[in-house]
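Structural description and commentary
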Amino acid sequence: MWVNIAVWLFFHVSISLGLLKVPYSYFGPDHPSDILFRERSFEQKGKLWRNVFYVHKWKDRLPDGASLFKMGYKKKQLADTTVETMQLFIMEMKRAELTHLLLLLPAPLFFLWNPVWAGFVMVFYAIIVNVPFIIIQRYNRIRLAMIAQRRYKRR
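1. Concerning a nonpolar patch on the surface
A surface patch of nonpolar side chains, amounting to about 400 Å² of accessible area, comprises V3, L109, L112 and W113. When its relative accessible area of 39% is taken as the criterion, W113 is described as partly exposed.

In structure tokens, the structure reads:
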């Protein structure tokens, strides 16, 4: 059990801290990585996350890693409503989404030293701990991008 905790802690810390070093240019709309973050048609402008997963009812109950660990960009609240701040916020939501996507990847490694049932528990843990944050980032980013786009057009 302690090995699993130590390994998860290692992955959580190393992936999170590693992605804090990635420059904003990687999360910009012109970077090839943006294909990961583009809104998909099935998301229906965020309606999927709102109407199927009711994300608007529970998203504020989950912690923001930046606030929790006093590092990175806090995403609990938008500092102001300028287009520049919204664009920065959107890039930080992409960083958070990528962090949680990458935290799913190590889960199968736990089958190497655990019994099969425990390996599945580790996969379940990875899904439960990361997927809600991915949903929040996608939901908020879609909404904020629409607002930023409207504000940009008004300028």
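Once the structure has been displayed, the description carries forward.
2. Quick look at the side chain of N114
Its location among the elements puts N114 in the loop between α6 (83-102) and α7 (116-154). Of note is the side chain of N114, whose polar atom sits 2.8 Å from the side chain of N4. A distance of 2.9 Å separates a polar side-chain atom of N114 from the backbone oxygen of F110. The residues contacting N114, other than those within four sequence positions of it, are N4, G119 and M122.

3. Considerations on unusual backbone geometry
Backbone geometry follows two general trends: most residues other than glycine have a negative phi, and most peptide bonds adopt the trans configuration. You will see that Q44, though not glycine, has its phi angle at about 50 degrees, which is positive. Mapped onto the elements, Q44 comes out in the loop between α2 (34-37) and α3 (47-51). In this structure Q44 comes out as partly exposed when scored by relative accessible area, which is 48%. Positive phi values are uncommon outside glycine, yet Y54 reaches one of about 50 degrees.

4. Details of the packing of helix α1 (residues 2-20) against α6
Two measures define how a pair of helices packs: the angle their axes make with one another and the distance between the axes. One can describe the packing of α1 onto α6 by two numbers: an axis separation of 10 Å at closest approach and a directional angle of 150 degrees. Between α1 and α6, the crossing angle belongs to the class labelled roughly antiparallel. Considering how the two elements wind past one another, α1 and α6 form a crossing that is right-handed. Across the interface between the two elements, I15, S16, L19 and L20 from α1 touch R95, L98, T99 and L102 from α6. When the residues that make up the contact of α1 with α6 are grouped by side-chain class, the tally is five nonpolar, two polar and one charged.

Conventions adopted
- Residues numbered from 1 in each chain as written.
- Predicted model: local features only at pLDDT ≥ 70, side-chain atom pairs only at ≥ 80, totals over all residues.
- Heavy atoms only, no water.
- Patch = residues over 30% accessible without salt bridge, like charges linked within 9 Å, V, L, I, M, F, W, Y side chains within 5 Å.
- Areas by Shrake-Rupley, 256 points an atom, 1.4 Å probe, with all protein chains shown as cover.
- Salt bridge = Lys/Arg side-chain N within 4 Å of Asp/Glu carboxyl O.
- Buried < 20%, exposed > 50% of the residue type's maximum accessible area, 1.4 Å probe, protein only.
- Helix = DSSP H or I, 4+ residues; strand = E, 2+ residues; numbered from the N terminus.
- Polar contact = N/O pair within 3.5 Å; in protein donor to acceptor, adjacent residues only side chain to side chain.
- Contact = heavy atoms within 4.5 Å.
- Axes fitted to C-alpha atoms, helices over the stretch in contact; angles between N-to-C directions.
- Parallel < 35°, antiparallel > 145°, perpendicular 65-115°, else oblique.
- Left-handed = near helix turned anticlockwise from the far one by under 90°.
- Nonpolar A, V, L, I, M, F, W, Y, C, P; charged D, E, K, R; others polar.

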